[in-house]
Amino acid sequence: MSPLAAALEDLAARRETLSYGALARQLAIPGPGSINRLTEALEAIMAEDAAAGRPLRAALCEGRLAGGLPAPGFFATARALGLYDDADAGPEAEAFVSAQRRALFNP
C-alpha cells in the first residue's frame, strides 16, 4: 500500500478529513508543486477506487477554500470517471461527498 493510500485509510478509520496542504505535509511531499503532485496521486487513487467499486477515498480531502469539500478537481475527476454528473458545486456536490464519506466511515 502506498503512503498516500495508507494515510487515507487512516483518516477513514478515524472518521476524519484533512486539507490537501496538511496531507502533503504529512506525506512530506516537497514543494513547490506539492499540492499538484498530491492531486495527481489522488486522481490515480480515485480511478483505482472507481474500478474496484469502492467509495472515493479522495473525498476525505478538503480544499482550502471549498467549505469542507474537496477541491474542484475532485469533482472533475469524478465526472470523468462517470461517478458524478453535476457541473455545479452546490448541494449536489455536498450530497455526493457526504455519501462518499459515509461509505468510507462505515465500511
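No experiment lies behind these values; they were computed from the predicted model shown.

Engineer: Give me the pattern of salt bridges: which residues, what numbers.
Structural biologist: Per the stated rule, a full pass over the model turns up six salt bridges. Taking the shortest distance from any N to any O, the salt bridge between Arg57 and Asp49 comes out at 2.7 Å. By relative accessible area, Asp49 is classed as buried at 0%.

Engineer: How would you explain the side chain of Arg57 if you had to name every residue and give the values?
Structural biologist: Inspection of the secondary structure puts Arg57 in the loop between α3 (34–52) and β2 (61–62). Apart from residues lying up to four places away in sequence, Arg57 is in contact with Ala5, Leu8, Glu9, Ile45, Glu48, Asp49 and Leu104.

Engineer: Outline the packing of aromatic side chains, supporting the account with residue identities and numerical values.
Structural biologist: Per the counting criterion, the structure on display carries four aromatic pairs. On the basis of an interplanar angle of 90 degrees and a centroid distance of 5.1 Å, the ring pair of Phe74 and Phe75 is categorised as edge-to-face. This pair shows no difference in class: Phe74 is buried, exactly as Phe75 is. Where Phe75 meets Tyr84, the ring centres are 5.3 Å apart and the plane angle is 50 degrees; that geometry is what we call tilted. For Tyr84, a relative accessible area of 7% translates into the label buried. An aromatic cluster of three or more residues is present, and its members are Phe74, Phe75, Tyr84 and Phe96.

Engineer: Please set out the environment of Gln26 residue by residue, giving values where relevant.
Structural biologist: Here Gln26 lies in helix α2 (residues 20–26). Looking at Gln26, the relative accessible area reads 45%, which means it is partly exposed. Not counting chain neighbours up to four residues away, the residues in contact with Gln26 comprise Ala7 and Leu18.

Engineer: Before we move on, could you go through the packing of helix α4 (residues 72–80) against helix α5 (residues 91–105) and cite the residues and values that matter?
Structural biologist: Think of two packed helices as two axes; the pair is described by the angle between the axes and how far apart they sit. Running from N to C, α4 and α5 cross one another at 80 degrees; their axes reach a closest spacing of 12 Å. One element, α4, and the other, α5, form an angle in the roughly perpendicular class. Only Ala93, Phe96 and Val97 of α5 make contact with α4, whose side of the interface consists of Phe74, Phe75 and Ala78.

Engineer: Can you tell me about unusual backbone geometry, naming the residues and giving the values?
Structural biologist: In this structure, Pro32 follows Gly31 across a cis peptide bond, with omega equal to 0 degrees. Its place among the elements puts Pro32 in the loop between α2 and α3. For Arg15, which is not a glycine, the phi torsion comes out positive at approximately 60 degrees. By the secondary structure assignment, Arg15 is in the loop between α1 (3–14) and β1 (18–19). Non-glycine residue Ala28 carries a positive phi angle of around 55 degrees. Residue placement: Ala28 occurs in the loop between α2 and α3.

Engineer: Residues and numbers for the side chain of Arg101, please.
Structural biologist: Looking at the element boundaries, Arg101 is found in helix α5. Buried charge without a salt bridge: Arg101, with Glu62 as the nearest opposite-charge side chain at an N-O distance of 4.7 Å. A polar atom in the side chain of Arg101 sits 2.9 Å from the backbone oxygen of Gly68. When neighbours within four sequence positions are excluded, Arg101 is seen to be in contact with Thr17, Ala59, Leu60, Cys61, Glu62, Gly68, Leu69 and Pro70.

Definitions and limits used
- Residues numbered from 1 in each chain as written.
- Predicted model: local features only at pLDDT ≥ 70, side-chain atom pairs only at ≥ 80, totals over all residues.
- Heavy atoms only, no water.
- Salt bridge = Lys/Arg side-chain N within 4 Å of Asp/Glu carboxyl O.
- Buried < 20%, exposed > 50% of the residue type's maximum accessible area, 1.4 Å probe, protein only.
- Helix = DSSP H or I, 4+ residues; strand = E, 2+ residues; numbered from the N terminus.
- Contact = heavy atoms within 4.5 Å.
- Phe/Tyr/Trp six-rings, centres within 6.5 Å; stacked < 30°, edge-to-face > 60°.
- Axes fitted to C-alpha atoms, helices over the stretch in contact; angles between N-to-C directions.
- Parallel < 35°, antiparallel > 145°, perpendicular 65-115°, else oblique.
- Lys, Arg positive; Asp, Glu negative; His and termini not counted.
- Polar contact = N/O pair within 3.5 Å; in protein donor to acceptor, adjacent residues only side chain to side chain.

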